[in-house]
Amino acid sequence: MFGLLFFILFTPGASEFLCMSSDLEMSYTFCDSTPHAFMFNLTPCSTMNKPVWKAALTWIPGSDITFLKIIFKVWYNSAKVLQWKEVLCSGADDEYAVCGMLKGETIATTFDIKGARMEFPKGNYRIILQGFSDESENNMVVCLNFTMIVKQDIF
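The sections below set out a description of the structure shown in this document. Residue numbering note: each chain is counted from 1, following its sequence as written. In keeping with the model being predicted, local features are shown solely for residues with a pLDDT of at least 70 and side-chain atom pairs are shown and tallied solely at 80 or more, while totals for entire chains, interfaces and linings include all residues. Only hydrogens and water are removed before side-chain values are computed, so all heavy atoms of the structure are retained for them.

Quick look at the packing of aromatic side chains
Alright, step 1. Only Phe, Tyr and Trp rings take part, Trp by its six-membered ring, and two of them pair if their centres are within 6.5 Å. Stacked means planes under 30 degrees apart, edge-to-face means over 60, and tilted covers everything else. As enumerated under the stated definition, the model contains four aromatic pairs in all.
Alright, step 2. Note on Y28 and F30: the rings are 6.2 Å apart at their centroids and 85 degrees apart in plane angle, and the pair reads as edge-to-face.
Alright, step 3. Partly exposed describes any residue whose relative accessible area lies between the buried limit of under 20% and the exposed limit of over 50%, with all areas from a 1.4 Å probe on protein chains only and scaled to the type maximum. Residue class for Y28 comes out buried when judged on its relative accessible area of 0%.
Alright, step 4. Residue classification places F30 among the buried residues on the basis of a relative accessible area of 3%.
Alright, step 5. Members of the aromatic cluster, connected to one another through ring pairs, are Y28, F30 and F146.
Alright, step 6. By definition here, charges over rings are those cases where NZ of Lys or CZ of Arg is within 6 Å of the ring centre and within 35 degrees of the ring normal. Sitting over the ring of W75, R126 keeps its end group 5.0 Å from the ring centre.

Okay, structure coming up:
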C-alpha cells in the first residue's frame, strides 16, 4: 500500500505525481489559473483486487462554498467514456462537510472511492474534475486534471 501526501501552494500547469506501483501510475495538475492550498492522499496505489480506494483531501477554498456543482469526465485512450454532474451543495439540507465552508477555511475530509471495484482495462485514462459555485457553470472554484495509467489488465 502506498500513500503520498501533498500540501502545496500549487503553480497551475505543473504536474504533481500522486502514486506509482507495478500496475498503476497517477498524477494530476490543476486546470484553472488559480493557485490552491491542496493535499490529496490515495491508498492503495493499485487496481489489482482492491475493492475500495481510501482518499483524504485537505483544501483551502478561495471562495465560500454555499453552492457546489461537480462535473466528472473520464476519457479512456482518448475516447470520452463518462460525464457525470451532481449538485453537492445547494444551501438547504446539505449532507457534505464541504457545504457551507467559508473562503480561507480548511476543508479536511476522507472518503471512499468505490469505483475502484471496477475492472480498469490496460490503457491511459484522463479524468477531469470541475467544481462550480453556480448552476450555470460560469464560476469555477476548482479544476483537477488526473492522469491514470493502468499498466496491466486485471483479467
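Some thoughts on the environment of D112
Alright, step 1. Every helix listed is a DSSP run of H or I at least four residues long, and every strand listed is a run of E at least two residues long, numbered separately from the N terminus. Assignment of secondary structure puts D112 in strand β8 (residues 107–113).
Alright, step 2. The partly exposed category is assigned to D112, whose relative accessible area is 34%.
Alright, step 3. Along the backbone, D112 and V52 are 60 residues apart, and their C-alpha atoms lie at a distance of 6.3 Å.
Alright, step 4. Here, two residues are considered to be in contact whenever any of their heavy atoms come within 4.5 Å of each other. Here D112 is in contact with V52, W53 and K54, once residues within four sequence places are set aside.
Alright, step 5. Here a polar contact means two N or O atoms within 3.5 Å. Within protein one must be a hydrogen donor candidate and the other an acceptor candidate, and residues neighboring in sequence count only if both atoms are side-chain atoms. At 3.0 Å, the side chain of D112 forms a polar contact with the side chain of K54.

Here we look at a nonpolar patch on the surface
Alright, step 1. Each patch is built from salt-bridge-free residues with over 30% relative accessible area, joining like charges within 9 Å and nonpolar side chains (Val, Leu, Ile, Met, Phe, Trp, Tyr) within 5 Å. The method behind every accessible area is Shrake-Rupley, applied with a 1.4 Å probe, and residues are considered shielded solely by the protein chains displayed. Basic side-chain nitrogens of Lys or Arg form a salt bridge, by our definition, when they fall within 4 Å of a carboxyl oxygen of Asp or Glu. Taken together, V81, L82 and W84 make up a surface patch of nonpolar side chains, about 280 Å² in accessible area.
Alright, step 2. Overall, the relative accessible area of 51% leaves V81 in the exposed class.

Some remarks on the sheet that holds strand β9 (residues 123–132)
Alright, step 1. One open sheet holds the six strands; their spatial order is β2-β3-β10-β9-β6-β7, and the pairing between them is antiparallel. Each edge of the sheet is formed by a strand with only one pairing partner; in this case those strands are β2 (16–20) and β7 (79–89). Across the sheet, the axes of successive neighbouring strands diverge by a mean angle of 15 degrees, strand direction being ignored.
Alright, step 2. A pair of strands is treated as paired once DSSP finds two or more bridges between them. Bridge count between strand β3 (residues 24–30) and strand β10 (residues 140–150): seven bridges; the pairing is antiparallel. Bridge assignment links T29 to a residue of β10, and that residue is N145. Think of each axis as a best-fit line through the C-alpha atoms, taken over the contacting stretch in the case of a helix, with angles from 0 to 180 degrees between the N-to-C directions.

Observations concerning unusual backbone geometry
Alright, step 1. Of the consecutive residues T43 and P44, the connecting peptide bond is found in the cis state with omega at -15 degrees.
Alright, step 2. Position of P44 among the secondary structure elements: in the loop between β4 (37–43) and β5 (53–60).
Alright, step 3. A positive phi angle is found at D93, which is not glycine, with a value near 55 degrees.
Alright, step 4. By secondary structure assignment, the location of D93 is in the loop between β7 and β8.

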